[in-house]
Amino acid sequence: MTVGVGVIGTGMIGTQHVHRLSRAVVGSSVAAVFDVASDRAAALAQEVGARAAGSWSDLVEDPQVDAVMVASPGDLHAEQVLACLAAGKPVLCEKPLATTADDALKVVEAEVAAGRRLVQVGFMRRYDAGFRDVKAAIDAGEIGEPLLAHAVHRNPSVPDTFVGEMSLTDSLVHEFDTFRWLFAQEIVATTVIAVRHSPLASHLRDPQIVLLELANGAVVDAESFVNCRYGYDVRCEVVGSTGTVALDNPRTTIVLGDGRRGEQVPPDWGVRFGQAYQDELQAWIDALAGGATVAPGASDAWDGYAAISVAETAVASFTRHGRAEVRLADKPRLYTGEGRS
Ligand code: NAD
Ligand code: ISE
C-alpha cells in the first residue's frame, strides 16, 4: 500500500518533507501540495508529480490524500489540524501543535470527541539516534536516578519571520518536549532568566535561559541562543545519582592544522537532524500502512499541548520576571497507557 500524503506549506521544511516523502521514505507518495506562495507550490508539485491544490481545505478533502503533513507557520497549525480531524485523516503536524495552549487543547478535545488519536507532532528529536541513546541510558538505569540536566539550543541565525517570543514557542519548545520525554515527567514550573542581549539580535530577547522544574523535583536549565552565528549547536547533559549521560554534536571531521585541532559544527537543523526527520516520516508512514494513526513513541496531541503550555508559561515568567506554574488540563484516558488507541 502506498500512502498518499498532502503537504500544506512548502517553505523550508515543507519542501524537505515533500522530497523525503516522494523520494526517500518507503511506502509514501506526495498526492497534493498547497502553499499561499502558489508558484513555489506549483513548481514543487510538478517536480514530484503531485497536484497543486487550490486551497489547504481543498487538499484536506482530496480523496487521493490519505494523510496530511502540516508544515505551514505555527499560528495556522491548530485550524488546519482540526480540519484534518473533521475529515477523519491522520496528520503529522510540524511543531508547535499550536501557538497557544488554548488552541492546542482544542485539538486534544477534538481527538477525545472522535475517540481516537490521529495527530502526531513533529518533535523529531524522539527519532534522533543521539537523543534515543540518552533516553535508553536513563531508562536502563545507567546513571542512577536522573536529577537534573543542562541543555543548549543554538541556531546560527533565524529568518525575519522569527519574532517576539519564538525563542520560547518555536525553538525551546523542542526542549520542553525533549525533557518531558527523557524524564517521563510533566514540567510543572518555569523561570526565565533575563540575559544581556546579543548586540547582533537587538530585536529579539536573545539569548535566554529557562529553568524547568519537573513534577518529581528534577530541574533542567536550557539555553536558547538563536543568533549564535558560529553554527547549529544542540547539546545536553543529564546528571543522575550515579553518573551522567551527555549528547554532543555528531562527530564529522576533525581538522588538525595551524596549531589547532578543530571539529565541524553542523550548519543548520536540516543537516543536524536530517536522519531524524527521515526516520520520523518513515515511522509515521509505516504506522499508517499498518493500520495505526500515530507512530509508536512519537509525540502526540497531548505532548504537543503540554509543550506549548510550558512555552506559554515561560512567556508569562519572562513578562513578570519570576517563576510561573504550568497549568495543564486533566490528561484524558486516550493519552494514558491503558486508554491509548
Ligand atoms: P517557512 O516560512 O520557510 O515556510 C512556511 C510556508 O508556509 C511558507 O512557504 C508560506 O508561504 C506558507 N504559508 C503561509 N501561509 C500559509 C497558508 N495559509 N497555508 C499554507 N501555507 C502557508 O517556515 P519553515 O521553517 O518551513 O517552518 C514551517 C513550520 O515547520 C513551523 O511550524 C516551524 O516551527 C516548523 N519547523 C520545524 C523544524 C523541526 O526541526 N522540526 C524545523 C523547521 C521548521
Ligand atoms: C526551527 O523551527 C526548528 O524547529 C529547529 O529545529 C530549531 O532549532 C529552530 O530554533 C526553530 O526555529
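In what follows, the structure referred to is the one given above.
Everything in this summary refers to the structure shown in the same document. (Residues numbered from 1 in each chain as written. Chains lettered and ligands numbered in written order. Predicted model: local features only at pLDDT ≥ 70, side-chain atom pairs only at ≥ 80, totals over all residues. Heavy atoms only, no water.)

Some thoughts on the sheet that holds strand S1 (residues 3-8)
Okay, so step 1: Sheet architecture is open: seven strands sit in the order S3-S2-S1-S4-S5-S6-S15, paired in mixed fashion. Both edges of this open sheet fall to strand S3 (51-52) and strand S15 (299-300), since each of them pairs with a single strand only.
Okay, so step 2: Sheet topology places strand S4 (residues 67-70) next to strand S5 (residues 91-93); three bridges connect them, and they run parallel. In the sheet register, valine 68 faces S5, and the bridge partner there is valine 91. (Pairing = 2+ DSSP bridges. Helix = DSSP H or I, 4+ residues; strand = E, 2+ residues; numbered from the N terminus.)

Considerations on the environment of asparagine 227
Okay, so step 1: Residue position: asparagine 227 is located in the loop between strand S10 (219-225) and strand S11 (233-240).
Okay, so step 2: On the basis of relative accessibility, which here comes to 6%, the residue asparagine 227 falls in the buried class.
Okay, so step 3: Between the C-alpha atom of asparagine 227 and that of leucine 204, which follows or precedes it by 23 residues, the distance is 9.4 Å.
Okay, so step 4: Excluding its chain neighbours within four sequence positions, the residues that come into contact with asparagine 227 are Asn155, Pro156, Ser157, Val158, Ala201, Leu204 and Asp206. (Buried < 20%, exposed > 50% of the residue type's maximum accessible area, 1.4 Å probe, protein only. Contact = heavy atoms within 4.5 Å.)

Notes on the nonpolar core
Okay, so step 1: The biggest cluster of nonpolar side chains holds 76 residues, and the ones touching the most others in it are Val68, Leu97, Val119, Phe176, Phe179, Phe183 and Val238.
Okay, so step 2: Considering each element in turn, this core owes the most residues, 11 residues, to helix H11 (residues 301-320).
Okay, so step 3: Dropping the residues within four chain positions of it, phenylalanine 183 is found in contact with Pro146, Leu147, Leu148, Ala149, Leu214, Ala218, Val220 and Val238. (Core = buried A, V, L, I, M, F, W, Y, C linked by side-chain atoms within 4.5 Å.)

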